[in-house]
Amino acid sequence: MENKNTISFSNPEIRQIFLEWWENLDESRGKRAELRHSHNINEVAFTPSFHSLRKELSRFRINQEALAAIAGVLSHVKSNDTNSSLPAQMATPKLGSKKAAVSDLRFRRLLTIEDRNELFITMIRIVRLLDGRVNIFDLAKSIYFWNERTKKRLAYKYYENIPVEKKK
């Protein structure tokens, strides 16, 4: 039996695989559209684009359901913004606003999610709230390792970056 390494989003090789796969979606709008029209993880798993990503990562031990969720959500990302983390991006107000791009209530609802299909749908909404500008590596890592530790990491970073409203 093969001894495969587990996936790590700090591994430059894995980051490069995700980046190239995501960039290739721009070159093939049909593939991106097919992924975007997927309503759940199962539909993503039936697309050739997902399988090309899965094949690229075949030398690693992967959670295929988590990978399908990542592929579907990444198809909604318009630009890769690696200047800050996903939770910092969610906490940062949009231009001309004083409120976080992702409200505190929506963020707290995100943290209660247990089901990966629900996470898939919610993360697509969050990507849209961020106008498609997301750190794809942090997004992928958060979806892949969706657990209590990830939720805590997101909460610490989100609330660390949330704008403080000054009282008059």
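See the structure shown above.
Everything quoted here is computed from the prediction, not taken from an experiment.

**Student:** What is the right way to read the packing of helix α1 (residues 12-27) against helix α2 (residues 29-36) from this model?
**Tutor:** Geometry of a packed helix pair, given as the angle between the helix axes and the separation of the axes. Remark: α1 packs on α2, axes separated minimally by 5 Å, with the N-to-C direction vectors making an angle of 110°. The angle between the axes of α1 and α2 places the two elements in the roughly perpendicular class. Seen from α1, the contacting residues are Trp 21, Trp 22, Leu 25, Asp 26 and Glu 27; seen from α2, they are Arg 29, Lys 31, Arg 32 and Leu 35. Taken together, the residues that form the contact of α1 with α2 break down as four nonpolar, no polar and five charged.

**Student:** Would you take a moment to explain the nonpolar core for this structure?
**Tutor:** One recurring pattern in soluble globular proteins: nonpolar side chains tend to sit buried together. Of all hydrophobic cores here, the largest spans 53 residues; its most connected members are Phe 18, Met 123 and Leu 139. Residue contributions to this core peak at eight residues, all from helix α5 (residues 64-74). Once residues within four sequence positions are removed from consideration, Leu 139 is found in contact with Val 73, Leu 74, Val 77, Leu 86, Met 123, Val 127 and Val 134.

Quick notes on the rules
Residues numbered from 1 in each chain as written. Predicted model: local features only at pLDDT ≥ 70, side-chain atom pairs only at ≥ 80, totals over all residues. Heavy atoms only, no water. Axes fitted to C-alpha atoms, helices over the stretch in contact; angles between N-to-C directions. Helix = DSSP H or I, 4+ residues; strand = E, 2+ residues; numbered from the N terminus. Parallel < 35°, antiparallel > 145°, perpendicular 65-115°, else oblique. Contact = heavy atoms within 4.5 Å. Nonpolar A, V, L, I, M, F, W, Y, C, P; charged D, E, K, R; others polar. Core = buried A, V, L, I, M, F, W, Y, C linked by side-chain atoms within 4.5 Å. Buried < 20%, exposed > 50% of the residue type's maximum accessible area, 1.4 Å probe, protein only.

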